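Spelled out, the chains give:
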Amino acid sequence: MAGRISDADIQALRERADIAAVVGDYTALKRAGTRLKGLCPFHSERTPSFTVDQARGLYHCFGCDEGGDVYGFLMRVEALSFPEAVERLARLTGYELTYEELSPGQRRALGRRTRLTDCVGEAASYFHALLFEEQGAAARDYLKQRGLSREHAEHFRIGWAPDRWDALVRHLSGQGFSQDEIAAAGLASKGARGLIDRFRGRVVFPIFDAGGRDVVAFGGRILPTVELQTGPRDGEAPKYINSPESEVYTKSKILYGLNWARAEVQRRDTVLVVEGYMDVIGLHVAGVRHAVATCGTSLTAEHFRLVEKFARRVVLALDADDAGFAAADRARALAEEAGIREVGVLPLPADTDPADLASEGTDAVERALGGIQTAVEFQIGHLMRGADTSTPEGQIEAYRQTFPLLARIADRALRYRYVRDVVAPVVRLSADRIEAELDQETSRQAHAPAALVPAGPAPGADPGLPRDPQLRLERQVLQVALQLPELLPAEWHEVDEDCFTAAASKTLLAALRATPDGSLDAVLDRLPDDDARTRVRRLALAELTVDPDESAVSELIGRLRARAIDRRITEIVERLTAGAEQLTTEERRRLSAEHYDLRRQRDAIVEGRHAARL
């Protein structure tokens, strides 16, 4: 097929790529024996069950059963087609792909998502270059006033969008991008005379994808002292504008600055969420490098699930007002949905944003960080500030205001700590009395402990480990054949499908026998369906339940063969006894001879196992 990526390149790129490096852009991995483990990027979990085998180039989650190779991972995590995943991996690794019989038209059409990503990336380079040209002087002055040097601008790849109607459109068209691609990438919209640039006369902040590799969108800020020549006819231009959602950009799944903050987020086990691009940049410059921001949208459950892969604690920078209270309340609900228990708040002084705080220097920021409160503490404090506790009536009304907040805390010990340490001192009443009334108020909605989720298997363990001894033995043998084929003894060739009782085991054995080189990819290709491939991939990445040495494996194979012989012996004995009158003399003779031969084989296996143990 014309325009097809070379098969040789697909295979060579798969072998060259480090799957751990690719996966590591989406979730933190830690060494666990010969493999790596982390929190699954595809579902919410608290205990790592996502396993990566660098040697085999495979991943598998023992929580949601997602698994595959590096291409499969990119297809799943970025919603790519297979060709797009190949092209994305090629860009990540610097590998130059070749295409079979590719025409110029097909080259333009190949991999639409890749083309759009390249289009946004070219726009980022264009904006960034213009910042340092003569027309970017006013933008450079603005950044300097905000305390940013050229090095800072280069680090964050800040750019300047010229105050012209179609400067970017003309540039991208000259680079071979079509009008449709420019518009689909969110960089332009249709005007009366054609496409017009979305970003005009603005300082531009590039937004990177979740993996931190590609620019997928922008935020743009007008200069406070410069009037837009291309502004709206009526009214004022908005201070900030952002890229619209597109095929390469979903606001609810991306946090600005996470690509730069990831290492510090993991080190602190905390992510600090602020509101704007300059807040993030200012804090990073001040040394607070675990700050990120939403991209012109409110926090979503998807944001929390993204953060959960890197940190257990989320801190929000909020104003100490009604809006801050509502934001903290919503964040608590979203965090609970995403499985994050620790939500904190950095209270901001009136009329101060994080960028203002950062401008005061690292010491001022660190002092402010020392005042971080839990979200519940922040909310209780807000309620208490507006309460009149000078009278008994006011005191009672004040503490009762906190009941809706406190009732959501399932952990009774934690709830009592808030009553004793935060509420009671303000209203000057007994914590026990407040707690007793709270119990009465919530008795009809008694909270169960938050940990009533059924306990799952140990990370990396196979939750489907059979209870039946025979099935468990079959699983262990096939797992060794998949993971450590070099330890299989010569007797492995004597193992046939009669040694197995489960249909799935027999199917896998047939695939292994048909794949002399032991390639897992080839074995998977020979399996009948995706369910079978998922089970086998899971088995190939699960932790071994036998000692990885030759004697233990030989013992395992011996037991499998001996049990198969025992089953056949039992069948023969039953036929010779229960159905003896129905057998001919020749049939009895044949069965007796087979019985004798089987007993000899079994004795030889047992003696061989015994000798191996001596």
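Residues numbered from 1 in each chain as written. Predicted model: local features only at pLDDT ≥ 70, side-chain atom pairs only at ≥ 80, totals over all residues. Heavy atoms only, no water.

Enquirer: Looking at this model, I keep getting lost on the overall build of the protein. Mind explaining?
Expert: If you tally the helices and strands in the protein, you get 27 helices and 18 strands. The C-alpha radius of gyration computed for the protein amounts to 32 Å, which surpasses the reference 25 Å derived for 614 residues by more than 25%, pointing to a less compact arrangement than a globule. When the backbone C-alpha atoms are referred to their principal axes, the protein occupies close to 110 × 80 × 45 Å. When the accessible area of the protein is evaluated, it comes to approximately 30400 Å², of which 48% is carbon and sulfur surface. (Helix = DSSP H or I, 4+ residues; strand = E, 2+ residues; numbered from the N terminus. Rg over C-alpha atoms; globule rule 2.2 N^0.38 Å. Areas by Shrake-Rupley, 256 points an atom, 1.4 Å probe, with all protein chains shown as cover.)

Enquirer: How should empty space enclosed by the protein be read in this particular structure?
Expert: Gaps left between atoms are located by rolling a probe of water-molecule size over the structure's atoms. Counted by the stated rule, this structure contains two cavities of 30 Å³ or more. One number sums up the size of the second largest cavity: a volume of about 30 Å³. Surrounding the second largest cavity, L272, V274, L283, A317, L346, P354, L357, V365 and L369 form its lining. Going through the elements one at a time, β14 (270–274), α15 (354–359) and α16 (362–369) are the ones with two or more residues in the lining of the second largest cavity. Split into classes, the residues belonging to the lining of the second largest cavity amount to nine nonpolar, no polar and no charged. (1 Å grid on protein atoms, 1.4 Å probe; cavity = no way out; pocket = protein on both sides within 12 Å on 5 of 7 lines; lining within 4 Å. Points joined across faces, edges and corners; volume = space filled by probe spheres on them. Nonpolar A, V, L, I, M, F, W, Y, C, P; charged D, E, K, R; others polar.)

Enquirer: I keep staring at the environment of P425 and nothing clicks. Help me out?
Expert: Tracing the sequence through the fold places P425 in helix α20 (residues 412–427). Spatially, the C-alpha atoms of P425 and F310 are 36 Å apart, while their sequence positions differ by 115 residues. When sequence neighbours within four positions are dropped, the list of residues in contact with P425 reads V419 and R420. (Contact = heavy atoms within 4.5 Å.)

Enquirer: What am I meant to see in the layout of surface pockets here?
Expert: Counted as a void, the second largest pocket has a volume near 940 Å³. Taken together, 36 residues form the lining of the second largest pocket, with V274, E275, G276, D279 and T294 sitting closest to its centre. Among the elements that take part in the lining of the second largest pocket, helix α14 (residues 322–338) stands out by supplying seven residues, more than any other. Residues of the lining of the second largest pocket, tallied by class, amount to 17 nonpolar, eight polar and eleven charged.

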